[in-house]
Amino acid sequence: MPPRSEPPARLRRFSPAERWVHRATAGLTLLCVATAACLYVPQLAELVGRRHLVVTVHEWSGLLIPAPLLLGLASRAVRADLGRLNRFGPHDRRWLRAALRRDTRLASRPAGKFNAGQKLYAGWMAGAVLVMLGTGLLMWFTGLAPLVWRTSATFVHDWLALAMGVVIAGHIGMALARPESRRGMRTGTVDRAWAEVEHPLWARESDNRRDLEDGA
């Protein structure tokens, strides 16, 4: 039996395809939010001007938000992470209970590659983007539906956009407070000690996979 190799100091967390999908989606989302602010905040609208151009950029950036993920489905790593985000296990329910009780003990918040909060955020954003696309199309192509539908679509679109802005701001704030998380998305690797604390189940899974590869 070959000797067990020393565990690496850093663990590979995201592939180049995953990082590209995240950056492209984030860029399009922020562009869509920024142009929306320029359309609805009078001071920004006056400062930027060129409303027709802003509307065009807003519409196309919104339509293209799903494109990076759809292209990323060609990557096995992207598909594997989507599967992880789509599964809720007993450890996720335990993580949520601890979060609701404001229990900050690390032992109370077991997490795989993604914790329960990240899974909820991903699911909420995916649903919100679909609703925004549907309501946006009704507002853009006025012949698709009667006036009452378009009026309702405008109401939902505007208020959901505000909610998305708040949620995205919270996501950015969380990222700014966690430099190793940002480093993982930027470089693709994270410090092993950080992974064992924040995502212990995933760190253990990575070690088991490495042992199997070493023994092959």
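Residues numbered from 1 in each chain as written. Predicted model: local features only at pLDDT ≥ 70, side-chain atom pairs only at ≥ 80, totals over all residues. Heavy atoms only, no water.

Caption draft 1: Just the overall build of the chain, in detail. The number of helices and strands found in the chain is 11 helices and two strands. Helices and strands appear in the chain in the N-to-C order β-α-α-α-α-α-α-α-α-α-β-α-α. With the C-alpha coordinates aligned to their principal axes, the bounding extent of the chain is approximately 70 × 40 × 35 Å. The buried share among the 216 residues of the chain stands at 31%. (Helix = DSSP H or I, 4+ residues; strand = E, 2+ residues; numbered from the N terminus. Buried < 20%, exposed > 50% of the residue type's maximum accessible area, 1.4 Å probe, protein only.)

Caption draft 2: Up close: the nonpolar core. Formed by L28, C32, I65, M125, A128, V129, M132, L133, L160, M164 and I168, the largest nonpolar core amounts to 11 residues. Looking at this core, the elements that each hand over two or more residues are α1 (16-40), α7 (116-140) and α8 (147-176). When residues in this core are grouped by element, the largest group, five residues, is from α7. The next biggest cluster of nonpolar side chains, apart from the first, holds six residues, and it includes V190, W194, A195 and A203. (Core = buried A, V, L, I, M, F, W, Y, C linked by side-chain atoms within 4.5 Å.)

Caption draft 3: View of the packing of helix α6 (residues 90-100) against α7. For the pair α6 and α7, the least separation of the axes is 8 Å and the interaxial angle reads 95 degrees. Our classification of the angle between α6 and α7 gives roughly perpendicular. Along its contact with α6, which presents H91, D92, W95 and L96, the element α7 presents A116, G117, K119 and L120. For the contact of α6 with α7, a count of residues per class yields four nonpolar, two polar and two charged. (Axes fitted to C-alpha atoms, helices over the stretch in contact; angles between N-to-C directions. Parallel < 35°, antiparallel > 145°, perpendicular 65-115°, else oblique. Contact = heavy atoms within 4.5 Å. Nonpolar A, V, L, I, M, F, W, Y, C, P; charged D, E, K, R; others polar.)

Caption draft 4: Summary view of the packing of aromatic side chains. Going through the model one piece at a time under the given rule, you end up with four aromatic pairs. Each ring, one from W140 and one from F141, has its centre 5.0 Å from the other, and the planes form 25 degrees; the classification is stacked. Their ring planes at 55 degrees and their centres at 6.5 Å tell us that F155 and W159 sit as a pair that is tilted. Here F155 and its partner W159 are both found in helix α8, four residues apart, which amounts to about one turn of the helix. Taking relative accessible area as the criterion, F155 reaches 55% and is therefore assigned exposed. According to the relative accessible area criterion, W159 is exposed, its value standing at 54%. Taken together, the aromatic side chains of W60, W140 and F141 make up a single cluster linked through ring pairs. Against the face of W202 rests R13, its NZ or CZ located 5.0 Å from the ring centre. (Phe/Tyr/Trp six-rings, centres within 6.5 Å; stacked < 30°, edge-to-face > 60°. Lys NZ or Arg CZ within 6 Å of the ring centre and 35° of its normal.)

Caption draft 5: Quick look at helix α3 (residues 51-64). With 14 residues, α3 should reach 20 Å at 1.5 Å per residue; the first-to-last C-alpha distance of 20 Å fits that figure. Of the positions making up α3, those classed as buried are V54, H58, S61 and G62. Buried residues of α3, viewed axially, fall in a sector of 100 degrees; they line one side. (Expected span 1.5 Å × (residues − 1). Arc of directions from axis to C-beta.)

Caption draft 6: Here's a closer look at a nonpolar patch on the surface. Together, V131, F155, V156, W159, L162 and V166 give the surface a local cluster of nonpolar side chains, amounting to about 610 Å² of exposed area. Element by element, the count of residues in the nonpolar patch is highest for α8, at five residues. Structurally, L162 is set in helix α8. (Patch = residues over 30% accessible without salt bridge, like charges linked within 9 Å, V, L, I, M, F, W, Y side chains within 5 Å. Areas by Shrake-Rupley, 256 points an atom, 1.4 Å probe, with all protein chains shown as cover. Salt bridge = Lys/Arg side-chain N within 4 Å of Asp/Glu carboxyl O.)

Caption draft 7: Structural detail: the pattern of salt bridges. In the structure shown here, the tally under the stated rule is 10 salt bridges. The salt bridge involving D81 is made with R84; its shortest N-O contact spans 2.6 Å. Here R84 and D81 lie together in helix α5 (residues 76-85), a separation of three residues that amounts to about one turn.

Caption draft 8: View of the environment of T35. Of note, T35 is situated in helix α1. A sequence separation of 20 residues divides T35 from V55, and the C-alpha atoms of the two residues are 7.3 Å apart. Ignoring any residue separated from it by four or fewer positions in sequence, one finds T35 in contact with V54, V57, H58 and S61. Reaching out from T35, the side chain makes a polar contact with the backbone oxygen of L31 at a distance of 2.9 Å. (Polar contact = N/O pair within 3.5 Å; in protein donor to acceptor, adjacent residues only side chain to side chain.)

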